[in-house]
Amino acid sequence: TAARIAAWTVGLLVAIIAAVLAWLYFLDWNTMRGPVGRWASMKLGRLVRIDGNLKVDLFRLEPRVSAGGVMVANPDWAKGSQAAEIPHLAFSFRLIPAIFGNAILPLVRFDHPNIRVVRLADGRTNWDFGGGNTGWNLPPIQRLLVREGHITIDDRIRDLSFDGTVSSEETS
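Fair warning: this is a prediction, and the values are worked out from it, not measured in the lab.

Participant: How should I be thinking about the packing of aromatic side chains in this particular structure?
Facilitator: Working definition: an aromatic ring pair is given by the centre-to-centre distance plus the angle between the planes. Counted according to the given criterion, the structure contains two aromatic pairs. Centroid distance Tyr 25 to Phe 59: 5.6 Å. Interplanar angle 65°. Geometry classified as edge-to-face. In this pair, Tyr 25 sits in helix 1 (residues 2-26) while Phe 59 sits in the loop between strand 2 (54-57) and strand 3 (64-72), placing the two residues 34 residues apart along the sequence. Residue Tyr 25 is classed as exposed on the basis of its relative accessible area, which comes to 55%. Every member of this aromatic cluster is reached through a ring pair, and the members are Tyr 25, Phe 26 and Phe 59.

Participant: What am I meant to see in the layout of surface pockets here?
Facilitator: Space inside the largest pocket adds up to approximately 2,100 Å³. Around the largest pocket, the lining comprises 50 residues; the ones closest to its centre are Leu 44, Leu 89, Phe 91, Phe 110 and Leu 138. Those elements that provide at least two residues to the lining of the largest pocket are helix 2 (33-44), strand 1 (48-50), strand 2, strand 3, strand 4 (84-92), strand 5 (107-111), strand 6 (114-119) and strand 7 (143-155). It is helix 2 that provides the largest number of residues to the lining of the largest pocket, a total of six residues. Reported here for the second largest pocket is a volume of approximately 210 Å³.

Participant: When you look at the pattern of salt bridges in this model, what are you seeing that I'm missing?
Facilitator: Two side chains carrying opposite charge are able to pair once their charged atoms lie near each other. Under the definition given, this model contains eight salt bridges. As a salt-bridge pair, Arg 49 and Asp 51 come within 2.9 Å of each other at their nearest N and O atoms. A salt bridge links Asp 111 to Arg 147, with the shortest nitrogen-to-oxygen separation between them at 4.0 Å. With Asp 111 in strand 5 and Arg 147 in strand 7, this pair connects stretches of sequence that are 36 residues apart. Of the residues examined, Arg 147 reaches a relative accessible area of 40% and is grouped as partly exposed. A network of salt bridges, in which partner residues are shared, links Arg 109, Asp 111 and Arg 147.

Participant: Just checking my understanding: could you explain a nonpolar patch on the surface for this structure?
Facilitator: Side chains of Ile 17, Leu 21, Tyr 25, Phe 26 and Phe 59 sit close together on the surface and give an oily, nonpolar patch of about 590 Å² of accessible area. Looking at the element boundaries, Leu 21 is found in helix 1.

Participant: Any chance you could explain the pairing of strand 6 here in plain terms?
Facilitator: The two faces of the sheet receive side chains in turn, since in a regular strand these alternate between them. One ladder, built from two bridges, connects strand 4 with strand 6; its direction is antiparallel. Within strand 6, the residue paired with Ala 84 across the bridge is Ile 115. Relative to strand 7, strand 6 runs parallel, the two sharing six bridges. Bridging across to strand 7, Arg 119 finds its partner in Asp 155.

Participant: Explain the environment of Ala 98 here, please?
Facilitator: Turning to its location among the elements, Ala 98 is positioned in helix 3 (residues 95-99). Residue Ala 98 is classed as partly exposed on the basis of its relative accessible area, which comes to 32%. Sequence-wise, Ala 98 and Glu 62 are 36 residues apart; in three dimensions their C-alpha atoms are separated by 9.9 Å.

Participant: Explanation requested: helix 2 in the structure shown.
Facilitator: For an α-helix, the turn length of 3.6 residues means that residues three or four places apart are oriented alike. A rise of 1.5 Å per residue sets the reference length of helix 2, with its twelve residues, at 16 Å; its end C-alpha atoms lie 16 Å apart and thus fit the reference within 8%. Among all positions in helix 2, only Gly 37, Ala 40 and Ser 41 are buried. The buried residues of helix 2 all sit within an arc of 105° when viewed along its axis, so they share a single face. Residues of helix 2 that are exposed and point more than 90 degrees away from the buried face comprise Arg 38, Trp 39, Met 42 and Lys 43. Looking one or two places after helix 2, you find Gly 45, whose phi comes out positive at around 75°.

Basis of the calculations
Residues numbered from 1 in each chain as written. Predicted model: local features only at pLDDT ≥ 70, side-chain atom pairs only at ≥ 80, totals over all residues. Heavy atoms only, no water. Phe/Tyr/Trp six-rings, centres within 6.5 Å; stacked < 30°, edge-to-face > 60°. Helix = DSSP H or I, 4+ residues; strand = E, 2+ residues; numbered from the N terminus. Buried < 20%, exposed > 50% of the residue type's maximum accessible area, 1.4 Å probe, protein only. 1 Å grid on protein atoms, 1.4 Å probe; cavity = no way out; pocket = protein on both sides within 12 Å on 5 of 7 lines; lining within 4 Å. Points joined across faces, edges and corners; volume = space filled by probe spheres on them. Salt bridge = Lys/Arg side-chain N within 4 Å of Asp/Glu carboxyl O. Patch = residues over 30% accessible without salt bridge, like charges linked within 9 Å, V, L, I, M, F, W, Y side chains within 5 Å. Areas by Shrake-Rupley, 256 points an atom, 1.4 Å probe, with all protein chains shown as cover. Pairing = 2+ DSSP bridges. Expected span 1.5 Å × (residues − 1). Arc of directions from axis to C-beta.

Written out as structure tokens, the structure reads:
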């Protein structure tokens, strides 16, 4: 009968959802470093690696993600070190808005990042990830922490070189 088919369908859907939630809860997220790195590489148009621990805590209203040993490569034309080497980064996001496609990041933290910013005389930049220097479409970040960061800037258009450290705490 139709009622029996509906009951079996609902039961099957509940079982599938429960299985997916159990899988996410018990998943060793370190097994996902490669796929997450490949996804980030595809989005940025260059190599992204996560060599350290990847930890994801999804079961809260503000899920947390932390990763160690994150590396973002420079474009092929940029000589020298990587664009970013981040020994540890962490962020949290609001779950309910994220479910509906609206990312809000209450916290983004970088510990000891080493960032290299390059702009050549012909206008090429290592921070252009395929958007044509139109800027990044970042979600709102409520609190940004940079702890003991190192930044190197080499801007050939403005004839500017900078090598320094940065630590910041920004709240809104």
